[in-house]
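Per-entry structural report
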There are 2 protein chains.
Amino acid sequence: MPETIDASRKIVIECVEPELDGGRYAVKREVGDTVEVFADIFKEGHDAIAAAIRYRAEDEAEWREAPMRFFDNDRWTGSFTVDRNCRWHFTVIAWTDWFGTWQSELRKKYDAGQNVFLELYEGAQLVAVAAAHARGGDAARLNAYLAEILGDERGEVRHLHEEAEFETVATILESGAGDRTLADRVAAALDAELLALMAANPIRTDLTGYDRHLPVQVDRVAARYAAWYELFPRSMSDDAARHGTFRDVIARLPYVRDMGFDVLYFPPIHPIGKQFRKGKNNTLTPGDDDPGSPYAIGGEAGGHRDVHPELGTMQDFRALVDAAQEHGLEIAIDFAIQVSPDHPYVEDHPGWFYVRPDGTIKYAENPPKKYQDIYPLNFYGDDWEGQWREWRDVILHWVAQGVRIFRVDNPHTKPVQFWEWMIREVQREYPDVIFLSEAFTRPKMMKALAKAGFTQSYTYFTWRNFKRELEEYFTELTQTPMKEYFRGNLFPNTPDILPEFLQRGGRPAFMIRAILATTLSSVYGIYSGFELCENRALPGKEEYLDSEKYEVKAWDWDRPGNIRPLITRLNQVRRQNPALHEYDNLRFYPADGEDVLFYGKMTEDRTSMVFVAVNLDPFRAHETVLHFPLGEMGIGWGDPWEVEELLTGERHFWHGADQYVRLEPDAPGRIYRVRAWRSSETGFDYFMEPTLV
Amino acid sequence: MPETIDASRKIVIECVEPELDGGRYAVKREVGDTVEVFADIFKEGHDAIAAAIRYRAEDEAEWREAPMRFFDNDRWTGSFTVDRNCRWHFTVIAWTDWFGTWQSELRKKYDAGQNVFLELYEGAQLVAVAAAHARGGDAARLNAYLAEILGDERGEVRHLHEEAEFETVATILESGAGDRTLADRVAAALDAELLALMAANPIRTDLTGYDRHLPVQVDRVAARYAAWYELFPRSMSDDAARHGTFRDVIARLPYVRDMGFDVLYFPPIHPIGKQFRKGKNNTLTPGDDDPGSPYAIGGEAGGHRDVHPELGTMQDFRALVDAAQEHGLEIAIDFAIQVSPDHPYVEDHPGWFYVRPDGTIKYAENPPKKYQDIYPLNFYGDDWEGQWREWRDVILHWVAQGVRIFRVDNPHTKPVQFWEWMIREVQREYPDVIFLSEAFTRPKMMKALAKAGFTQSYTYFTWRNFKRELEEYFTELTQTPMKEYFRGNLFPNTPDILPEFLQRGGRPAFMIRAILATTLSSVYGIYSGFELCENRALPGKEEYLDSEKYEVKAWDWDRPGNIRPLITRLNQVRRQNPALHEYDNLRFYPADGEDVLFYGKMTEDRTSMVFVAVNLDPFRAHETVLHFPLGEMGIGWGDPWEVEELLTGERHFWHGADQYVRLEPDAPGRIYRVRAWRSSETGFDYFMEPTLV
């Protein structure tokens, strides 16, 4: 009883990159990117092989093909361009290049003077098979070659698949019919054009596909390159006694845009609950006019689909979205799955919560702490599917209002598989929707959320201040498999976090963090007040004193000591230098000592090269020698190179890799735009190729 | 039309180890091993989780379970023992530890003086669920705890699942019924025994399994630990004029066994073809009495299932297998898929070969070289399935003759998927069969064959002679994923390869390579003549002069300068030191300079610790300082330690990590067996725990 043997893997294809967890999750790219694919491909023996990438956008029925070429050590490479914002898939195929193998053997045998009569016949059989399947002009050209290799005196070719023909053809070949010598026939068989024709019409009798189809999530470029600005709309009246509105925000748009930001992000704008409302500085005893935390979502005026009445109407919100767009800004809103006891869901869907034996709904706790203003959701309770769909529909509701960017609050306290499902559902219909994960939690959960589908993620940058920890962390982000799926959006501050470094380092610390955030990653954000160097903290905590989370505030936007000019300049620099639009091109370079961090970014073609040196000590000046990577920069050791320092405007004409710099606390960073200076007589065509003149 | 949402992955389980290519291939272990499993396991929020390994031998219907414990940073670990020679499978499961989570929260709330009435009720509900599903005595014990937590004055427990009961139970709890105070009830709820009972009867409402079942190929110990000796039976008559026989080999068994070998391996023993037979030194002009290469398999007397008549009969062969066993030796034979033009297959199965247009069968070529004595097989020709089954049946034929070890010639010239199928077919029925891959080829093909199923593989050791290349290669073999599937069987020479190092380095080179081969890997082999320091080569080649592959030879087994005593001693040392039975416990340590290689092996419990220093220069003595890893050895910096040098018998009493050694070419290595010397009054029980006395 002969069992079936699986012989579908005639060629070994493995170690395919990019591949994430065996294809379980998508790697991320952006529209216009070239996806570089690598694979180990080999088979037994000495036959030549050929390989290709098969790829398609998700909504395409047919695979497209891109050729792969041998790289080294059984590794092959190829690439394809992703030109649309959607999910893509690719895989790798390989087959034996029977004709290439045959040509190579024919050449060796003919050169060694061996009788190649049988070989010619075998090669012609391959050409005949290809001709039979070739399209259009290729068939005619292949048949012409066939005639040159095997034709009789009339140039006619016999039917090679018929065994009886062999003797006849043998006779023709040996007779030197039609003035064709054996040398002529061999020359035709070895012709490079014939090889190309055969490669274009390959005989894939042992076609083998890689086991898996690998997904690529192709986002719009804003997923990788954007500058975010966060503000509380209710603090935009410039009067702490008056609750700000969406219309106040519209008046504030030029301020944000003039600094050079791309995205304007608001904490929750929904109705706020009244039960157990928090007072100023997170106290449990609010005054009557305390506005409450916007994260206690849901009240009389509605829930996640509604706007807080004091901010205005939905019409006002849409007007703000439109006005922002006119200013070149995109609105991002918060998606916080947090429900106050006053949220309509509590009455409408009690099964979405945890109900206790006495019939009450369980509030949030971190024993012994109680958060009675928040009801956690039960993602696996009764009607969990209804609940999941509701959250998706909340997103779709805001998409309909013109919002395409969502900053997601605490995603790590909700099931990872919920996010995977929800994000995919939304992006299938609206691939331009961006989700930023605010998962300040353990590293593996942060990575899992990114793999599950979050477009971007907050990072540990907020707490990484010193040289080694910055180098280590950003090397992990940009030079390990994390670069395939985790886009770090760097926030030096958030409404929840006023880091110790900013508290204690003052204005120089803000400048340092601004330079780092804008240049270490292609995507970053600040929470308003950062540009004003606001750093009054609750004693002993990394939290703001009199936080906007619990009260309406008014800001002096021209406050002395503000670093708006620096922020504005940094955003200009980002815009003008394509190297800073890329994420995983960050590389660290040596600078003597532990105080100055030195790194650079280049585009692949080196037309944009930027190097950054930052004094990480907010208290005193440091001097160091920066060691530029001349080799990577394509600059010879003896060549001069031109440097423009983009914060001071200073220009240099440097020689050699090692350059001295002194960085004062009030000007803690340098951003060097580098250009090779290599114009010489050797650069002209006629120098290298005088015959052209 | 609500679609189905997949909610089967409530807990994230990823990065499971050991896992090879996403579970596509089996990792390898040996009978008696403990398989250490690691996995990243986590979920949203703060619930405690629990996890286990599920594992089973392939023929078992039911999964067994082994607990996992938290390791660090969301990583969990556990292990299971593989006690049978067969394929095993394992996977990882996880679930929320609802009860552990609840106990921890209860404790915090109670300690903070909060009202825990509802909490007690909720916990008791969990206990009631567990009790309902618990087996035997556990149910009774759980119910007893239930009574202590929630019992009324009569110790009876109400039906917690009935909502109407809540008020009644509330009354009981608040009344302090049955002399039970709240403190008593809480104490019962927090009892460690209750936690253990609940852990033994877990409530796995969100049980999540890892996506994949991962295979483990568990071989017998000889797959990892064995010393091989290779000889040509036809050269065993001790008379070059008389073709040796299996009976001559029987007479040679004591010689092999006395040197301490475990496996005796023969090149092909099948009938040899006559057409295009090779003469002495691989010439094309054989004399009438030249015996031909045993790799030209197949002749008048039969093919792969038969023995060459001049060696004896099949009965003689079986007698040899039995005699070897009596000497503690196991016979290994060659499996070479090579067919001479005289092989019965050529007539019986022409479709298994490549037939040319003129009807002839294609012989082997490497253009312009021709190997007319060999017909390559077409693994995908007509009746390829019949051919594949025949090769499997050839193996089974020899298994029936008592052979369980096959050295496979040139597997890299046959399809990888053929080997994967064939080895699995054989091992499913005969799991004790060992296949050694003689794939001297590119690294990825060597790895692919090992992943596809080869038990062991030849290595690049044959050409690695210097310190850095040895350290680099053996670190790859033993400390990268290769250790999971690639068991390197080290051969310093083979009938095909007489390395330049042995040719030029003479006797000291043989000693160096012997020490390296026996101690770098737990499995190694030599080809006879190595112990005699035979190193006459074909000029300019790494091939033996007057190779046994083409002629019958006679050896002087007591030839002056032979290193039989060293080989014998090395095999003794291997046998006596369990650290040398392990494969992936090799670690390199620093020795000053480039001439002396220094490494060690320890068992996990450190009862066996061996360190080896080898002078890699066959021409002159070198001195160096060896830096022992006292920390890994469990020896304090000030402690003395005992050393026995196993080649000279010298004993030392050393202090400190740094030890001088001088290695002469005629004694190029040292093998130190180390024992800690730490007996003192603190070692006695009564010193640490005086109350026990």
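This text gives an overview of the structure that appears in the document.

When its secondary structure is counted, chain A shows 17 helices and 26 strands. C-alpha atoms of chain A, sized along the principal axes, occupy 110 × 70 × 45 Å. A total of 693 residues make up chain A; the buried ones form 58% of that total. Partitioning the intrachain contacts of chain A with sequence separation of at least 6 by distance along the chain shows that 74% fall at a separation of at least 24. When the accessible area of chain A is evaluated, it comes to approximately 28,400 Å², of which 49% is carbon and sulfur surface.

Before going further, it helps to spend a moment on the relation of the copies chain B and chain A. Put simply, the second copy of the chain is the first one after a rotation about an axis and a shift along it. Overlaying chain B on chain A yields an RMSD of 0.1 Å, the required transformation being a rotation through 180 degrees with an accompanying axial translation of 0.0 Å. Accordingly, the operation relating the two chain copies is best matched by a two-fold axis. Residue glycine 22 of chain B of chain B places its C-alpha closer to the rotation axis than any other residue of that unit, at 2.9 Å. Take the interface residues of chain B: 100% of them recur as interface residues in chain A, which is what a same-surface contact looks like.

How big an interface is tends to be stated in terms of accessible area lost as the parts join. If you look at the interface, chain B gives 64 residues, while chain A gives 64 residues. Taken over both partners, the interface formed by chain B and chain A buries close to 5,600 Å², and the fraction arising from carbon and sulfur atoms is 53%. When the buried area of chain B at its contact with chain A is split by residue, Ile5, Pro357 and Lys444 of chain B rank highest and sum to 13% of it. The interface formed by chain B and chain A includes 14 salt bridges. The partner of arginine 24 of chain A in a salt bridge is aspartate 211 of chain B, with the nearest N and O atoms 3.5 Å apart. Applying the counting criterion to the chain B and chain A interface returns 28 residue pairs in polar contact (both at pLDDT 80 or more). Of all elements in the fold, only strand S1 (12-17), strand S3 (34-42), helix H1 (98-111), helix H2 (117-133), helix H10 (384-400), helix H11 (416-429) and helix H12 (443-452) of chain B reach the threshold of two or more residues within the side of chain B that touches chain A. Its residues assigned to classes, the side of chain B that touches chain A comprises 22 nonpolar, 10 polar and 32 charged.

All names here are of chain B. Mapped onto the elements of the fold, phenylalanine 619 is located in the loop between strand S21 (609-615) and strand S22 (622-627). A relative accessible area of 60% places phenylalanine 619 in the exposed class. Remark: the alpha-carbon pair of phenylalanine 619 and proline 508, spanning 111 residues in sequence, is separated by 7.6 Å. Those residues in contact with phenylalanine 619 that lie beyond four places of it in its chain are Arg504, Gly505 and Pro665.

Inspection of the secondary structure assignment puts serine 457 of chain A in strand S17 (residues 456-457). Beyond its immediate sequence surroundings of up to four residues, serine 457 of chain A is in contact with Leu436, Ser437, Met446, Phe486, Arg487, Gly488 and Asn489 of chain A.

The next subject is helix H10 (residues 384-400) of chain A. Residues and elements named next belong to chain A. Look at H10: 24 Å from first C-alpha to last across 17 residues, which is about the 24 Å you get at 1.5 Å a residue. On the buried face of H10, the contacting elements are helix H8 (314-326), strand S12 (330-335), helix H9 (344-348), strand S15 (405-409), helix H11 (416-429) and strand S16 (434-438). At the exit of H10 stands glycine 402, carrying a positive phi of roughly 100 degrees.

Residues and elements named next belong to chain A. One pass over the structure, following the stated rule, counts 118 salt bridges over all chains. Among the salt bridges present, the one from arginine 84 reaches glutamate 60, with a minimum N-O distance of 3.7 Å. With arginine 84 in the loop between strand S6 (75-81) and strand S7 (87-96) and glutamate 60 in the loop between strand S4 (49-57) and strand S5 (64-72), this pair connects stretches of sequence that are 24 residues apart. With a closest N to O distance of 2.9 Å, glutamate 390 and arginine 305 form a salt bridge. Here the residue glutamate 390 occupies a position in helix H10, and arginine 305 occupies one in the loop between strand S11 (263-266) and H8, the gap between them amounting to 85 residues. Looking at glutamate 390, the relative accessible area reads 14%, which means it is buried.

What counts, and at which threshold
- Residues numbered from 1 in each chain as written.
- Chains lettered and ligands numbered in written order.
- Predicted model: local features only at pLDDT ≥ 70, side-chain atom pairs only at ≥ 80, totals over all residues.
- Heavy atoms only, no water.
- Helix = DSSP H or I, 4+ residues; strand = E, 2+ residues; numbered from the N terminus.
- Buried < 20%, exposed > 50% of the residue type's maximum accessible area, 1.4 Å probe, protein only.
- Contact = heavy atoms within 4.5 Å.
- Areas by Shrake-Rupley, 256 points an atom, 1.4 Å probe, with all protein chains shown as cover.
- Least-squares fit on C-alpha atoms with pLDDT ≥ 70 in both.
- Buried area = accessible area lost by both parts, 1.4 Å probe.
- Salt bridge = Lys/Arg side-chain N within 4 Å of Asp/Glu carboxyl O.
- Polar contact = N/O pair within 3.5 Å; in protein donor to acceptor, adjacent residues only side chain to side chain.
- Nonpolar A, V, L, I, M, F, W, Y, C, P; charged D, E, K, R; others polar.
- Expected span 1.5 Å × (residues − 1).

Limitation: the analysis is restricted to geometry and does not speak to function.
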